Amino acid sequence: MAETHVLFVEDDDVIREATQLALERQGFMVTAMPDGLLGLEAFRANRPDIALLDVMVPGLDGVSLCRRIRDESTVPVIMLSARADSIDVVLGLEAGADDYVTKPFDGAVLVARIRAVLRRFGHAGGGEGALQGQGPHGALLTFGELEVDTEGMEVRKGGEPVALTPTEMRLLLEFSSAPGTVLSRDKLLERVWDYGWGGDTRVVDVHVQRLRTKIGQDRIETVRGFGYKLKA
């Protein structure tokens, strides 16, 4: 099996070198860059399996780099932020990141988070990967003008295709598998993000907002104090 290729963009020399070494010891192939512009060049040249982007890097900041990557690819992106309560976390998620890790981080936690993201994307190497269906085999689910093909992993709204990232697709599959049922943020973290531990529910909230902009603002309803549900 091919090695999982990680693009790591971090301007702190000590953190970059130590993290690169830790990831390589776990069997990852790592391309490490000190700034966002070099990171973008490396992404385009190498097409890694996953990108780890520090928010505060020179040249092109991590949030802007994430947007550029997301314009070209659905490759998973994890943002690295020095503060858990920073607005940069939300900005990174809104830019298209799939998850984030707070610095300073434990190497084992980072590796676990990377592997969790890769499992969600259905690959451990080889570029874009393939998302595995979670719904009924071959089912075409219809919710008003929204159609979800759970086998072909395609979504259409009013007959027009809707481009979703794998994380957004998994989120929609969870909602469409139980329309009208309220799913809590903790349950979505467990099922979509593979969190076997407590996680930041902002990850869920931002992804729901991103999904709403693509499939319709009124399709997913907020049930205050409980979570979200897909309108049948």
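Here, every reference points to the structure presented above.
Scoring rules and cut-offs
Residues numbered from 1 in each chain as written. Predicted model: local features only at pLDDT ≥ 70, side-chain atom pairs only at ≥ 80, totals over all residues. Heavy atoms only, no water. Pairing = 2+ DSSP bridges. Helix = DSSP H or I, 4+ residues; strand = E, 2+ residues; numbered from the N terminus. Contact = heavy atoms within 4.5 Å. Axes fitted to C-alpha atoms, helices over the stretch in contact; angles between N-to-C directions. Parallel < 35°, antiparallel > 145°, perpendicular 65-115°, else oblique. Left-handed = near helix turned anticlockwise from the far one by under 90°. Core = buried A, V, L, I, M, F, W, Y, C linked by side-chain atoms within 4.5 Å. Buried < 20%, exposed > 50% of the residue type's maximum accessible area, 1.4 Å probe, protein only.

Colleague: Can you tell me about the sheet that holds strand β9 (residues 160–161), naming the residues and giving the values?
Modeller: Strand order in the open sheet made by the 4 strands is β6-β7-β8-β9, with antiparallel pairing throughout. Both edges of this open sheet fall to β6 (140–143) and β9, since each of them pairs with a single strand only. This element, helix α6 (residues 166–177), spans β6, β7 (146–149) and β8 (154–157) of the sheet and lies at about 105° to β7.

Colleague: Tell me about the packing of helix α5 (residues 107–121) against α6, residues and numbers included.
Modeller: In contact at an axis separation of 9 Å, α5 and α6 are set at 65° when each is read in the N-to-C sense. Overall, the two elements α5 and α6 adopt an arrangement that is roughly perpendicular. Our pair here, α5 against α6, has a crossing hand that is left-handed. Residues Arg 119, Arg 120 and Phe 121 of α5 touch α6, and the partners they reach there are Pro 166, Thr 167 and Arg 170.

Colleague: Pulling in residues and values, what's your account of the nonpolar core?
Modeller: Residues Leu 53, Met 79, Val 148 and Phe 175 are the most contacted members of the largest nonpolar core, which totals 52 residues. If you tally residues by element for this core, the top one is helix α8 (residues 202–215), at 6 residues. With residues up to four places along the chain from it excluded, the contact list for Val 148 reads Ala 139, Leu 140, Leu 141, Phe 143, Glu 154, Val 155, Met 169, Leu 172, Leu 173 and Ser 176. Residues Phe 8, Leu 23, Phe 28 and Leu 80 belong to the second largest nonpolar core, which totals 17 residues.

Just distances and angles here, no functional claims.
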